[in-house]
Amino acid sequence: MPADSVENFLRLLIKSPSGAVFNPWWQVDGENDVGPQAPGIRRKQLRAYLCERLKKARLAVVGEALGYRGGHFSGIPMTSERILLGRKTDAGIEAKDFFSGIKPRRTSKRQKSRDGFSEPTATIVWSTLLRLGLSPEQFVLWNAFPWHSFDPRAGMLSNRTPTKAEQSAGTPMLKAFLDLFPCEEIVALGRVAASQLENLDIEAHYVRHPASGGAKLFRQQVARIVTKLP
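Read on for a plain summary of the structure. Within any chain, residue numbers begin from 1 and follow the written order of that chain's sequence. Note on the predicted model: pLDDT of at least 70 is required for a residue's local features to be given, and 80 or more for side-chain atom pairs to be given and counted; whole-chain, interface and lining totals, by contrast, use all residues. Excluding hydrogens and water, the side-chain values take into account all heavy atoms of the structure.

Some words on the layout of surface pockets
And step 1. Both cavities and pockets are sets of points on a 1 Å grid over the protein atoms alone; in a cavity a 1.4 Å probe fits but cannot get out, in a pocket the set is open with protein on both sides within 12 Å along at least five of seven lines, and lining residues sit with an atom within 4 Å of a point. Grid points are joined across faces, edges and corners, and a volume is the space filled by probe spheres set on the points. Of the pockets and cavities examined, the largest pocket occupies roughly 400 Å³.
And step 2. Together, 22 residues line the largest pocket, and A65, E119, T121, N159 and H209 are the ones closest to its centre.
And step 3. Looking at the lining of the largest pocket, the elements that each hand over two or more residues are β2 (59-65) and α5 (120-131).
And step 4. Polar here means any residue other than Ala, Val, Leu, Ile, Met, Phe, Trp, Tyr, Cys and Pro, which are nonpolar, and Asp, Glu, Lys and Arg, which are charged; Gly is therefore polar. Of the residues in the lining of the largest pocket, the class split is 8 nonpolar, 10 polar and 4 charged. Each helix corresponds to a stretch of at least 4 residues labelled H or I by DSSP, and each strand to a stretch of at least 2 residues labelled E; elements are numbered beginning at the N terminus.

Written out as structure tokens, the structure reads:
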């Protein structure tokens, strides 16, 4: 059963590395989460997101690692609470684009971010792919390091590049994801993702990460890939 394969995949995510790494599907962020129910909400949302795309996704986009403005609280890679809740319709992103059957929910405390956290990379990736004519279930997003690596000096609301050891720990999860989603084309968003995919002997298109002034080039490179999809 397709749902069973997603459930098995979610169970694999329990095995996150120790240290300054947050596992949003199985751990509570005591300082920033709405409560102990937060990991369950994030698991439910990731499950619904993945099930919606099984046997439908044609393009996989693999980023570096989960960010605190994105999947840390939404439970979905490269997806912020704000777009999940339908508060970025001006960017062409609707709440119905993520999954059906359950109601999207935020898991961060309202006092941390009134309208939910917003992540520029998430907004750019989603809006670009939708504007290129892909339906939401035709693309699926993941990260080479699936958990959230944060700066222990700055706390949970920070990001850092995963160490080499952490990247290696994420490799089995990346392989499991690609087994679950054998897409026609794979996009590596940035150097870390490209390196991890290369280690797995997976052929992928390297594209510029949209952060730090890379949005225009990202859009151009992705457009060329999408137009070649059969």
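From this point, the narrative continues.
Digging into helix α2 (residues 38-53)
And step 1. Residue count minus one, scaled by 1.5 Å, sets the expected span of a helix. Here α2 is 16 residues long and its end C-alpha atoms lie 23 Å apart, about the 22 Å a rise of 1.5 Å per residue gives.
And step 2. By the burial criterion, the buried members of α2 are A38, P39, I41, R42, Q45, L46, A48, Y49, L50 and R53.
And step 3. Directly after α2, the chain includes K55, whose backbone phi takes a positive value near 65 degrees. Exposure is judged per residue with a 1.4 Å probe applied to protein chains only, and the accessible area is read against the type maximum: over 50% gives exposed, under 20% gives buried, and values in between give partly exposed.

Re the side chain of T79
And step 1. When you line up the elements, T79 lands in the loop between α3 (71-74) and α4 (81-84).
And step 2. On the accessibility criterion, T79 (0% relative accessible area) is buried.
And step 3. A polar contact of 2.9 Å, which involves the side chain of T79, links it to the backbone oxygen of P77.
And step 4. We define a polar contact as two N or O atoms separated by no more than 3.5 Å, with the added condition that, inside protein, one atom must be a possible hydrogen donor and the other a possible acceptor, whereas residues neighbouring each other in sequence contribute only through side-chain atom pairs. Looking at T79, its side chain comes within polar contact range of the side chain of W126, at 3.1 Å.
And step 5. By definition in these notes, contact holds between two residues if any of their heavy atoms fall within 4.5 Å. Setting aside chain neighbours within four positions, we find T79 in contact with G70, G71, S74, L84, F98, E119, A122, W126 and L141.

Observations regarding the packing of α5 against helix α8 (residues 215-227)
And step 1. The interhelical angle for the contact between α5 and α8, taken along N-to-C directions, is 35 degrees, at an axis separation of 10 Å. Handedness of the crossing formed by α5 with α8: right-handed. For the pair α5 and α8, contact is made by I124, V125, T128 and L129 and by A215, F218, R219, V222 and V226, respectively.
And step 2. Taken together, the residues of the contact of α5 with α8 break down into 7 nonpolar, 1 polar and 1 charged. Axis definition: a line fit to C-alpha positions, over the contact stretch in the case of helices; interaxial angles, taken between N-to-C directions, run 0 to 180 degrees. The sense of a crossing depends on the near helix, which, turned anticlockwise from the far helix by less than a right angle, makes the crossing left-handed and, turned clockwise, makes it right-handed.

Details of the packing of aromatic side chains
And step 1. Ring geometry is summarised as follows: Phe, Tyr and Trp rings, the Trp one being its six-membered ring, pair when their centres sit within 6.5 Å, and such pairs are stacked at plane angles under 30 degrees, edge-to-face over 60 and tilted between the two. All chains considered together, the criterion is met by 10 aromatic pairs.
And step 2. An aromatic cluster is built from F9, W25, W142, F177 and F181, whose rings are joined through pairwise contacts.
And step 3. For R43, the ring lying beneath its charged end belongs to W26, and the centroid distance is 4.1 Å. Our definition puts a charge over a ring when NZ of Lys or CZ of Arg is within 6 Å of the ring centre and also within 35 degrees of the ring normal.

Re the environment of A194
And step 1. With respect to the element layout, A194 can be found in helix α7 (residues 191-199).
And step 2. Placed 88 residues apart in sequence, A194 and R106 show a C-alpha to C-alpha distance of 31 Å.
And step 3. Setting aside its immediate chain neighbours within four residues, A194 contacts A188 and Y206.

Bear in mind that shape data such as this cannot, by itself, settle questions of function.
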